[in-house]
Amino acid sequence: MPGGRRCPDCSSAALVEDSHYSQSQLVCSDCGCVVTEGFLTTTFADEGNLREVAYTRSTGENEQVSRSQQRGLRRVRDLCRVLQLPSTFEDTAVAYYQKAYRHPGIRAARLQKKEVLVGCCVLITCRQHNWPLTMGTLCTMIYADLDVFSGAYMQIVKLLGLDVPSLCLAELVKTYCSSFKLFQPTPCMPAKFVEDKERMLSRTLQLVELANDTWLVTGRHPLPVITAAAFLAWQSLHPSGRLACSLARFCQVANVDLPYPASARLQEMLAVLLRMAEQLVWLRILKLNKRSVVKHIEDLLQHRHTLIHKAFLDGTGEREAQARGLQPRMEEEVGGSSLGLPLGKRPAGPGILLPPCMLKPPKQPRLPPTVRTVTGDEDISDSEIEQYLRSPEEVEDFQRAQAAGLATKDAPNQP
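These notes cover the structure that comes with them.

### Side note on the overall build of the protein
Reasoning step 1: Looking only at helices and strands, the protein has 22 helices and five strands in total.
Reasoning step 2: Within the protein, the proportion of its 415 residues that are buried is 35%.
Reasoning step 3: Across the protein, every contact between residues at least 6 apart in sequence was considered, and the portion connecting residues at least 24 apart equals 56%.
Reasoning step 4: For the protein, the accessible area works out to roughly 26,900 Å², and carbon and sulfur atoms hold 52% of it.

### Focus: the side chain of R265
Reasoning step 1: Along the chain, the position of R265 falls in helix α14 (residues 262–277).
Reasoning step 2: According to the relative accessible area criterion, R265 is buried, its value standing at 13%.
Reasoning step 3: Within polar-contact distance, the side chain of R265 engages the side chain of E268 at 3.2 Å.
Reasoning step 4: Those residues in contact with R265, other than ones at most four positions away along the chain, are L216, R220, P224, V225 and A228.

### Looking at the nonpolar core
Reasoning step 1: Grouped together as the largest cluster of nonpolar side chains are 57 residues, with contacts concentrated most on F180, L182 and F250.
Reasoning step 2: For this core, the secondary structure elements donating two or more residues are α9 (169–178), α10 (197–213), α11 (222–237), α13 (247–254), α14, α16 (297–302) and α17 (304–311).
Reasoning step 3: Here the element with the most residues in this core is α11; it accounts for ten residues.
Reasoning step 4: For F180, the residues in contact, after removing those within four places along its chain, are M200, A230, F250, A254 and V256.
Reasoning step 5: With 37 residues, the next largest nonpolar core counts V76, A93, L117 and L123 among its residues.

### Comments concerning unusual backbone geometry
Apart from glycine, the bulk of residues carry a negative phi angle, and the bulk of peptide bonds sit in the trans form.
Reasoning step 1: Even without being glycine, N255 reaches a positive phi, approximately 60°.
Reasoning step 2: By secondary structure assignment, the location of N255 is in the loop between α13 and α14.
Reasoning step 3: The backbone of K287 sits at a positive phi, close to 55°, despite the residue not being glycine.
Reasoning step 4: Here K287 is to be found in the loop between α15 (281–284) and α16.

### Here's the deal with the pattern of salt bridges
Side chains that differ in charge, positive against negative, can pair when their charged atoms come close.
Reasoning step 1: For the structure on display, the rule yields ten salt bridges.
Reasoning step 2: E268 is the salt-bridge partner of R265, the closest N and O atoms lying 3.2 Å from each other. Of this pair, R265 and E268 are both found in helix α14, three residues apart, which corresponds to roughly one turn of the helix.
Reasoning step 3: When salt bridges with common partners are traced through the structure, they connect R71, R75 and E115 into a single cluster.

### Things to note about the environment of C168
Reasoning step 1: Structurally, the position occupied by C168 is in the loop between α8 (146–160) and α9.
Reasoning step 2: A C-alpha to C-alpha distance of 8.5 Å links C168 and W131, two positions 37 residues apart in sequence.

### Notes on the packing of helix α4 (residues 87–101) against helix α6 (residues 111–128)
Reasoning step 1: Put simply, α4 and α6 touch, their axes get as near as 9 Å, and they point 135° apart. By the angle class used here, α4 and α6 are oblique. The hand of the α4/α6 crossing is right-handed. Here F89, T92, A93, Y96, Y97, A100 and Y101 of α4 come into contact with α6, specifically with K114, L117, V118, C121, V122, I124, T125 and Q128.
Reasoning step 2: Counted by class, the contact of α4 with α6 contains eleven nonpolar, three polar and one charged residues.

Conventions and cut-offs
Along each chain, numbering runs from 1 in the same order as the chain's sequence is written. Given that this is a predicted model, residues contribute local features only at a pLDDT of at least 70 and side-chain atom pairs are listed and counted only at 80 or more, while totals for whole chains, interfaces and linings are drawn from all residues. The side-chain values count all of the structure's non-hydrogen atoms but skip hydrogen atoms and water molecules. In this text, helices come from DSSP runs of H or I with a minimum length of four residues, and strands from runs of E with a minimum of two, each type numbered from the N-terminal end. When a residue's accessible area, from a 1.4 Å probe over protein chains only, is under 20% of the maximum for its type it is buried; when over 50% it is exposed; and in between it is partly exposed. Residues count as neighbours in contact if any of their non-hydrogen atoms are within 4.5 Å of one another. Shrake-Rupley sampling with a 1.4 Å probe provides the accessible areas, and residues are treated as covered by the protein chains on show and by no other component. The definition of a polar contact used here is a pair of N or O atoms within 3.5 Å, where within protein one atom must be able to donate a hydrogen and the other to accept one, and adjacent residues in sequence count solely through side-chain atom pairs. Here, nonpolar core means buried Ala, Val, Leu, Ile, Met, Phe, Trp, Tyr and Cys residues that are tied together by side-chain atoms lying within 4.5 Å of each other. Any Lys or Arg side-chain nitrogen found within 4 Å of a carboxyl oxygen on Asp or Glu counts as a salt bridge. Note on geometry: axes are lines fitted to C-alpha atoms, helical ones only across the stretch in contact, with angles between N-to-C directions running from 0 to 180 degrees. The labels follow the angle: roughly parallel below 35 degrees, roughly antiparallel above 145, roughly perpendicular from 65 to 115, and oblique for the rest. The hand of a helix crossing depends on one turn: near helix anticlockwise from the far one by less than a right angle means left-handed, and clockwise means right-handed. For this classification, Asp, Glu, Lys and Arg are treated as charged, while Ala, Val, Leu, Ile, Met, Phe, Trp, Tyr, Cys and Pro are nonpolar and the rest, including Gly, are polar.

In short, the description is geometric, and any link to function would need to be established separately.
What follows is the structure in structure tokens.
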């Protein structure tokens, strides 16, 4: 044993000298750890003066990886394995993480952003390979805030100059609906709740396309919309035994979580279906409501393009309908012209197709009224001072003071 030293990793005393590229190194024969590195000379001056230079100093760089980066790389690999991604996805995500971590803007960031960086690299890789994965799913898995995650995601895409395509909604529908526990009978599930997978996927895709055509998907999270569309598709395939089932009960039977805005998306989709049903003569006489319209979803989806065009007229179609007297003018409904109103406050007529954020704009917070403190030292104008005079003597004094002031103003300047 050279010098009585031990290996720092395994505490073995079996240390031997090994020659690696003509440099002497002290290596542990049990675990292979390099205890001491050899020395090299970098210039002729060093060789002439017999000065030895360490290997890391001779190369001018240190290949050691920080503990934070090592932990991040392990989390990227673990996250890819939990999501059961292909091995090529894992290599790409690791490469993106290493490239982003070396960037000064990311390396000097706080620990919270570095934790989010793991999910951002995995999400970028999935989006580039058209793998259906949402930002909300990753935020739930790594316990990250959605606002922080989205901000870091946009920053990394911009810093690395990556081309990330948008999420394919059809693939997300297929992946999300395939996780439902509705396609195989189980002892705890009623037989009337079991549905064919292909039929339900096809009907759900048509309803999601309808929601996309009527502005219900734009700028919103896709999972609540897909959940509402899947619920309507499931009900419409066998409405006799499923109309009494609620959305919460459906999610419980399907073994999926109920997203918070899914109930609101469901009501919006039912309102669109009712507007479309008014354009069919054989449905108009039935006086449908939000429950009974589910029975006729198949007919509505079969002619959805024509019904959307008729139910939601554009500007030209609306003026033609007004000329024929089919609908009242918006100016008559509000008692005047609506052209001067802001866009969010204009009355939306029955034939206008607008996004929900414009039909129901968010309310502006009311600021508390400013309380003005009166100290008594405020200036009083001449037009208001008469309100503070109470006696004739005060009136005469004010008139004399006012006349004296005018006389002093009109008098010529004395030399």
